[in-house]
Amino acid sequence: MSIWTDLTGTDFRLSYVDVAGLRTRTLRAGEGDPVVFLHGTSGHLEAFVRNIPAHAAAGYACHAIDMLGHGYTEGPDHDYRIPRYVDHVLAYLDSQGIDKAHFVGESLGGWVAGRLAADHPERVGRLSLVAPGGTVANPEVMERIRTSTRKAVESDDIGLTRKRLELLMFDPAANVSDELVRVRHDIYHRPEFVKQLPHLLCLQDMVNRTEDLLTTEQLNRIAAPTLVVWGAQNPFGDVPEAHKLAERVPNSRLEIFAECGHWPQHEHAARFNALHLDFLREEQAA
């Protein structure tokens, strides 16, 4: 199965748009209420190729973007902190004439989407936090992210890129394709990406991370109905972390996926798509 096979049968556009002066890569498909997909640290929009077709077919306008300084999106010459990610996403919405959208945020993308929902509730319909970051500062996890990413970027050895992706999965053999490795390896070795890497990894610094963590007050302010999805074998956060997060978001529900790592939307795409589409349909029913 390849990335493009996953998208077979779906009418999509992969293009670049100007977002507040930054050339931003986006994959768009479908028509209807907008759903914005946000990836994780050092990731890219291909994280959602197993989700876009089902959502587009169900009548949603899908927008998967490379976030600030990630993938093939330009990044300014300063650290990428959570408020700056939020500003970039808001500017993307404005560039597309979107007043309000549903959000699917995975890992870093969940952290960004959660902060956006807390500070700009009028822009968020329904919120899905998929193995989100931003609620704890675990030095061991932070070092694992920093070290594995740097090794993959600083070496031409494509095996290190594969290891970085395999770190995300419960079942790497079934979910880390040669094509996905090549896509990420090419991104990691773009001169622009290499230059931006310190800015991209700034949230693995304890001071920066602690300042940007989602506070209990911020989580309590999230008004959007929220779905939290977590992998039982998430290498970047144990299940109790997911329960604590869900307890702090007022109108939320938690789903734990068994035999699943840090990419539930990818490893268990069929289950995730069915679950999330049912969640979105609750909005239509209401």
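Calculation rules
Residues numbered from 1 in each chain as written. Predicted model: local features only at pLDDT ≥ 70, side-chain atom pairs only at ≥ 80, totals over all residues. Heavy atoms only, no water. Helix = DSSP H or I, 4+ residues; strand = E, 2+ residues; numbered from the N terminus. Rg over C-alpha atoms; globule rule 2.2 N^0.38 Å. Buried < 20%, exposed > 50% of the residue type's maximum accessible area, 1.4 Å probe, protein only. Contact = heavy atoms within 4.5 Å. Areas by Shrake-Rupley, 256 points an atom, 1.4 Å probe, with all protein chains shown as cover. Lys, Arg positive; Asp, Glu negative; His and termini not counted. Charge placed at Lys NZ, Arg CZ, Asp CG, Glu CD. Core = buried A, V, L, I, M, F, W, Y, C linked by side-chain atoms within 4.5 Å. Axes fitted to C-alpha atoms, helices over the stretch in contact; angles between N-to-C directions. Parallel < 35°, antiparallel > 145°, perpendicular 65-115°, else oblique. Left-handed = near helix turned anticlockwise from the far one by under 90°. Pairing = 2+ DSSP bridges. Phe/Tyr/Trp six-rings, centres within 6.5 Å; stacked < 30°, edge-to-face > 60°. Lys NZ or Arg CZ within 6 Å of the ring centre and 35° of its normal. Polar contact = N/O pair within 3.5 Å; in protein donor to acceptor, adjacent residues only side chain to side chain. Nonpolar A, V, L, I, M, F, W, Y, C, P; charged D, E, K, R; others polar.

Caption draft 1: Here's a closer look at the overall build of the chain. Scanning the chain for helices and strands turns up 14 helices and 8 strands. The C-alpha radius of gyration of the chain comes to 17 Å, within 12% of the 19 Å expected for a compact globule of 286 residues. Structurally, the chain occupies a C-alpha span of about 50 × 40 × 40 Å along its principal axes. For the chain, with 286 residues in total, the buried portion stands at 57%. Taking the contacts inside the chain whose residues are at least 6 apart along the sequence as the reference set, 73% of them involve residues at least 24 apart. Looking at the chain as shown, the accessible area adds up to about 11,300 Å², and 49% of this sits on carbon and sulfur atoms. Placing the 29 positive and 40 negative side-chain charges of the chain at their respective mean positions leaves the two points 2 Å apart.

Caption draft 2: A look at the nonpolar core. Core analysis: the biggest nonpolar cluster contains 85 residues, and Leu-38, Ile-52, Tyr-85, Phe-103, Val-112 and Leu-127 have the highest contact counts within it. Ranked by residues supplied to this core, first place goes to helix α3 (residues 82-95) with 8 residues. Residues in contact with Phe-103, not counting those within four places in the same chain, are Val-36, Leu-38, Val-89, Leu-93, Ala-113, Leu-116, Arg-123, Val-124, Arg-126, Leu-127 and Ser-128.

Caption draft 3: Here's a closer look at the packing of helix α5 (residues 139-154) against helix α6 (residues 158-166). Where α5 contacts α6, the axes come no closer than 8 Å and their chain directions differ by 150°. In terms of orientation, α5 lies roughly antiparallel with respect to α6. As α5 packs across α6, the resulting crossing turns out to be left-handed. Taking contact as the criterion, the partners of Ile-145, Ser-148, Thr-149, Lys-151 and Ala-152 in α5 are, on α6, Leu-160, Thr-161 and Arg-164.

Caption draft 4: Representation of the pairing of strand β1 (residues 12-19) within the structure. One ladder, built from 8 bridges, connects β1 with strand β2 (residues 22-29); its direction is antiparallel. What sits directly across from Leu-14, in β2, is Leu-27. Counting the residues between successive antiparallel strands, the hairpin from β1 to β2 contains 2 residues, one of them, Ala-20, with a positive phi of roughly 50°.

Caption draft 5: Fine view of the packing of aromatic side chains. Per the counting criterion, the structure on display carries 3 aromatic pairs. Between the aromatic rings of Phe-37 and Phe-48, the centroid separation amounts to 5.2 Å while the plane-to-plane angle is 50°, which identifies the pairing as tilted. Of this pair, Phe-37 sits in strand β3 (residues 33-38) while Phe-48 sits in the loop between β3 and α2 (52-57), and the two are 11 residues apart along the sequence. When the ring centre of Phe-257 is taken as reference, the NZ or CZ atom of Arg-271 above it lies at 3.9 Å.

Caption draft 6: Representation of the sheet that holds β1 in the model. Here 8 strands make up an open sheet; going across it, the order is β1-β2-β4-β3-β5-β6-β7-β8 and the pairing mixed. With partners counted over all chains shown, the strands left at the sheet margins are β1 and β8 (252-257), one partner each. Direction aside, neighbouring strands of the sheet carry axes that sit 20° apart on average. Contacts from helix α12 (residues 239-248) reach β6 (124-130), β7 (226-231) and β8, with the element oriented near 165° to β8.

Caption draft 7: How the structure looks around the side chain of His-63. In this structure, His-63 sits in strand β4 (residues 60-65). Polar side-chain contacts of His-63 include one of 2.8 Å to the side chain of Tyr-92. Those residues within four positions of His-63 in sequence are excluded, and the remaining contacts are Leu-27, Arg-28, Pro-34, Val-35, Val-36, Phe-37, Tyr-92, Gln-96 and Ile-98.

Caption draft 8: Region of interest: the packing of α3 against helix α4 (residues 108-119). It is the contact of α3 with α4, at a shortest axis distance of 9 Å, that shows an interaxial angle of 75°. Here α3 lies roughly perpendicular to α4, going by the angle between them. Residues Ile-82, Pro-83, Tyr-85, Val-86, Val-89 and Leu-90 of α3 pack against Leu-108, Trp-111, Val-112, Arg-115 and Leu-116 of α4. Across the contact of α3 with α4, the residue classes break down as 10 nonpolar, no polar and 1 charged.

Shape descriptors only; they carry no functional weight alone.
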